[in-house]
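Spelled out from the first residue to the last, the chains are:
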Amino acid sequence: IDTNGTITLSSGSGIHAGLIDTSANINEWATLALGLQWPVTATVTLFETSIKLSALTEVAFEVGLSDALNETAGLAFSSHDATPVAVATNAAIFGWHNSASPSESTTNLSLLSVKNGVATQSSTTTPLVANTYIKLSVVVNSAGNIGFYIDDVSVGTVEAGIQTSAVLTPWISVKTSNATGKVATVDYWRIAGSRS
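Asks: An account of the overall build of the chain is requested, with residue identities and associated values reported.
Replies: In terms of regular secondary structure, the chain is built from zero helices and 17 strands. Taken over the C-alpha trace, the chain has a radius of gyration of 15 Å; the compact-globule value for 196 residues is 16 Å, and the two agree within 12%. Over its C-alpha atoms, taken along the principal directions, the chain stretches across nearly 40 × 40 × 30 Å. Partitioning the contacts of the chain with sequence separation of at least 6, the portion at a separation of at least 24 is 68%.

Here's what the structure looks like:
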């Protein structure tokens, strides 16, 4: 988590959710990670979350699995478009990026993977909708193959997309690129893996 970002529980009556808040400072972020405890060598690792984002402009947003608990400038990928730029060494991430500086606009959710520093990207046909929950799931097997699912429907795969020597953590990160705070609301997240 960045210096000014916060992760809190919702105080709304009857609402049980985590709030990942960037703060209202330019280029601030908040990252939620759990621990490097899920080796790719396990038979299978599943991460899923039901999540919504407060705004779709001047924001970068990532959900998935990464090999670090934090990254410089808060993102596993500094670019989420057709020419992805990975910060993480190994990761499997849903990404969204819309900002004027740096100039980037993803129309739909991106599927991003990086294997030993080499990044790949493809686009889904699924746009984000502000303040609307979406279920995102990432599955990695022991061969490093990655499956991406939106609302339990497969939206893409990457064969051998991650190093089998990697050890992963669940990863949710939000970064604002203007002086307006962005909030990701997490209804739930879970990660499960086979005993290795």
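Next comes the rest of the description.
Asks: Before we move on, could you go through the sheet that holds strand 17 (residues 183-193) and cite the residues and values that matter?
Replies: The antiparallel open sheet is built from seven strands, whose spatial order is 1-2-17-5-13-14-15. Unpaired on one side and paired on the other, strand 1 (6-9) and strand 15 (153-158) mark the two borders of the sheet. For this sheet the average axis-to-axis angle between neighbouring strands, irrespective of direction, equals 25 degrees. Bridge count between strand 2 (residues 18-21) and strand 17: four bridges; the pairing is antiparallel. The residue bridging Leu 19 from the neighbouring strand is Thr 185, located in strand 17.

Asks: Quick rundown of the layout of surface pockets? Include the residues and the values.
Replies: In this structure, the largest pocket encloses a volume near 170 Å³. Surrounding the largest pocket, 16 residues form its lining, Leu 75, Ser 78, His 97, Pro 102 and Lys 175 being those nearest its centre. Residues of the lining of the largest pocket, tallied by class, amount to six nonpolar, eight polar and two charged.

Asks: I'd like a description of the environment of Val 118, backed by residues and values.
Replies: Along the polypeptide, Val 118 turns up in strand 12 (residues 118-123). C-alpha of Val 118 to C-alpha of Ala 30: the two residues are 88 residues apart in sequence and 25 Å apart in space.

Asks: Provide a residue-level description of the side chain of Glu 104, including the pertinent values.
Replies: If you trace the backbone, Glu 104 turns up in strand 10 (residues 104-105). Here Glu 104 occupies a buried position and makes no salt bridge, while the nearest side chain of opposite charge, Lys 175, is found at 11 Å. Here the side chain of Glu 104 touches Ser 79 through a polar contact of 3.1 Å, side chain to side chain. If sequence neighbours within four positions are ignored, Glu 104 has contacts with Ser 78, Ser 79, His 80, Asp 81, His 97, Asn 98 and Ser 99.

Asks: If you had to explain a nonpolar patch on the surface to someone new, which residues and values would you point to?
Replies: Taken together, the side chains of Leu 36, Leu 69 and Val 167 make up a nonpolar region of the molecular surface, amounting to roughly 220 Å² of accessible area. Residue position: Leu 36 is located in the loop between strand 3 (29-33) and strand 4 (38-39).

Asks: Give a description of the environment of Pro 170 that names residues and reports values.
Replies: Among the structural elements, Pro 170 can be located in strand 16 (residues 167-176). Judged by its relative accessible area of 1%, Pro 170 is buried. Taking the C-alpha atoms as reference, Pro 170 lies 12 Å from Phe 94; in sequence the two are 76 residues apart. The contact partners of Pro 170, leaving out residues within four places of it in the chain, are Leu 32, Ala 33, Leu 34, Gly 35, Trp 38, Phe 47, Gly 64, Leu 65, Trp 189 and Ile 191.

Asks: Give me the lowdown on the pairing of strand 13 (residues 134-141), citing residues and values where you can.
Replies: Successive side chains on a regular strand alternate, one facing one side of the sheet and the next facing the other. Extensive coverage of strand 13 is indicated by the burial of six of its eight residues. Looking at chain direction, strand 5 (residues 44-53) and strand 13 are connected through eight bridges and run antiparallel. Considered in strand 13, the bridge of Ser 50 is made with Lys 135. Relative to strand 14 (residues 146-150), strand 13 is paired through five bridges, and the arrangement is antiparallel.

Asks: How would you summarise the pattern of salt bridges if you had to cite specific residues and measurements?
Replies: A full pass over the atoms with the stated rule returns three salt bridges. Here Lys 135 and Glu 48 are joined by a salt bridge, their closest N and O atoms 3.8 Å apart. Of this pair, Lys 135 sits in strand 13 while Glu 48 is found in strand 5, placing the two residues 87 residues apart along the sequence. Each member of the pair, Lys 135 as well as Glu 48, carries the same accessibility label: buried. One salt bridge in this structure joins Glu 48 and Arg 190, with 2.9 Å as the shortest N-O distance. Here Glu 48, found in strand 5, pairs with Arg 190, found in strand 17; they are 142 residues apart in sequence, far enough to count as distant. Looking at Arg 190, the relative accessible area reads 48%, which means it is partly exposed. Each member of the salt-bridge network shares a partner with another, and the members are Glu 48, Lys 135, Asp 152 and Arg 190.

Thresholds applied
- Residues numbered from 1 in each chain as written.
- Predicted model: local features only at pLDDT ≥ 70, side-chain atom pairs only at ≥ 80, totals over all residues.
- Heavy atoms only, no water.
- Helix = DSSP H or I, 4+ residues; strand = E, 2+ residues; numbered from the N terminus.
- Rg over C-alpha atoms; globule rule 2.2 N^0.38 Å.
- Contact = heavy atoms within 4.5 Å.
- Pairing = 2+ DSSP bridges.
- Axes fitted to C-alpha atoms, helices over the stretch in contact; angles between N-to-C directions.
- 1 Å grid on protein atoms, 1.4 Å probe; cavity = no way out; pocket = protein on both sides within 12 Å on 5 of 7 lines; lining within 4 Å.
- Points joined across faces, edges and corners; volume = space filled by probe spheres on them.
- Nonpolar A, V, L, I, M, F, W, Y, C, P; charged D, E, K, R; others polar.
- Buried < 20%, exposed > 50% of the residue type's maximum accessible area, 1.4 Å probe, protein only.
- Lys, Arg positive; Asp, Glu negative; His and termini not counted.
- Salt bridge = Lys/Arg side-chain N within 4 Å of Asp/Glu carboxyl O.
- Polar contact = N/O pair within 3.5 Å; in protein donor to acceptor, adjacent residues only side chain to side chain.
- Patch = residues over 30% accessible without salt bridge, like charges linked within 9 Å, V, L, I, M, F, W, Y side chains within 5 Å.
- Areas by Shrake-Rupley, 256 points an atom, 1.4 Å probe, with all protein chains shown as cover.

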